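Working through the structure, step by step
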Amino acid sequence: MTSTDDLRRQVNALQERVSRLSAAVLRVSASLDLDTVLQEVVDSARALTGARLGAIVTVDDSGRVDE
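In this report, we go over the structure that sits alongside the text.

This brings us to the overall build of the protein chain. Within the protein chain one finds 2 helices and 0 strands. Each of the three principal axes of the protein chain carries a C-alpha extent, and together these read 55 × 25 × 20 Å. Relative to its full complement of 67 residues, the protein chain shows a buried share of 6%. Summed over its atoms, the accessible surface of the protein chain is roughly 5900 Å², and 55% of this surface lies on carbon and sulfur atoms. Of the charged side chains in the protein chain, 8 are positive and 11 negative, and the gap between their average positions amounts to 12 Å.

Structure representation (structure tokens):
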């Protein structure tokens, strides 16, 4: 059975995660510029997951990578 202290730690961890995710959503939605939004999405995803690198690749209607 899970102790009260374990449950508190889990709740605190989840609250921190929701807070970080909410902050990321606010940063992403702060701009209407596509390049800025995509960069913020990558930066936020990296921060939330602890990843060192991140990338987004966009493709055109023919399936070719946009440059």
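Now that the structure has been shown, the text picks up again.
The next subject is the pattern of salt bridges. If the charged atoms of two oppositely charged side chains come close together, the side chains can form a pair. Counted by the stated rule, this structure contains 4 salt bridges. The salt bridge involving Arg-27 is made with Glu-40; its shortest N-O contact spans 2.9 Å. Placement of Arg-27 in helix α1 (residues 4–28) and of Glu-40 in helix α2 (residues 34–49) is noted, with a sequence separation of 13 residues between them. You can call Arg-27 partly exposed: its relative accessible area is 39%. The residue Asp-43 makes a salt bridge to Arg-46 at a minimum N-O spacing of 3.6 Å. A residue pair is termed a helical-turn pair when its members lie 3 or 4 positions apart in one helix, as Asp-43 and Arg-46 do in helix α2 at 3 residues.

This brings us to the packing of α1 against α2. Contact geometry of α1 with α2 gives a least axis separation of 9 Å together with a crossing angle of 170°. In terms of orientation, α1 and α2 fall into the roughly antiparallel class. Read as a crossing pair, α1 and α2 show a hand that is right-handed. Residues Arg-20, Leu-21, Ala-24, Arg-27 and Val-28 of α1 form the contact with α2, whose participating residues are Val-37, Glu-40, Val-41, Ser-44, Ala-47 and Leu-48. Of the residues contributing to the contact of α1 with α2, the split by class is 7 nonpolar, 1 polar and 3 charged.

About the cut-offs
Residues numbered from 1 in each chain as written. Predicted model: local features only at pLDDT ≥ 70, side-chain atom pairs only at ≥ 80, totals over all residues. Heavy atoms only, no water. Helix = DSSP H or I, 4+ residues; strand = E, 2+ residues; numbered from the N terminus. Buried < 20%, exposed > 50% of the residue type's maximum accessible area, 1.4 Å probe, protein only. Areas by Shrake-Rupley, 256 points an atom, 1.4 Å probe, with all protein chains shown as cover. Lys, Arg positive; Asp, Glu negative; His and termini not counted. Charge placed at Lys NZ, Arg CZ, Asp CG, Glu CD. Salt bridge = Lys/Arg side-chain N within 4 Å of Asp/Glu carboxyl O. Axes fitted to C-alpha atoms, helices over the stretch in contact; angles between N-to-C directions. Parallel < 35°, antiparallel > 145°, perpendicular 65-115°, else oblique. Left-handed = near helix turned anticlockwise from the far one by under 90°. Contact = heavy atoms within 4.5 Å. Nonpolar A, V, L, I, M, F, W, Y, C, P; charged D, E, K, R; others polar.

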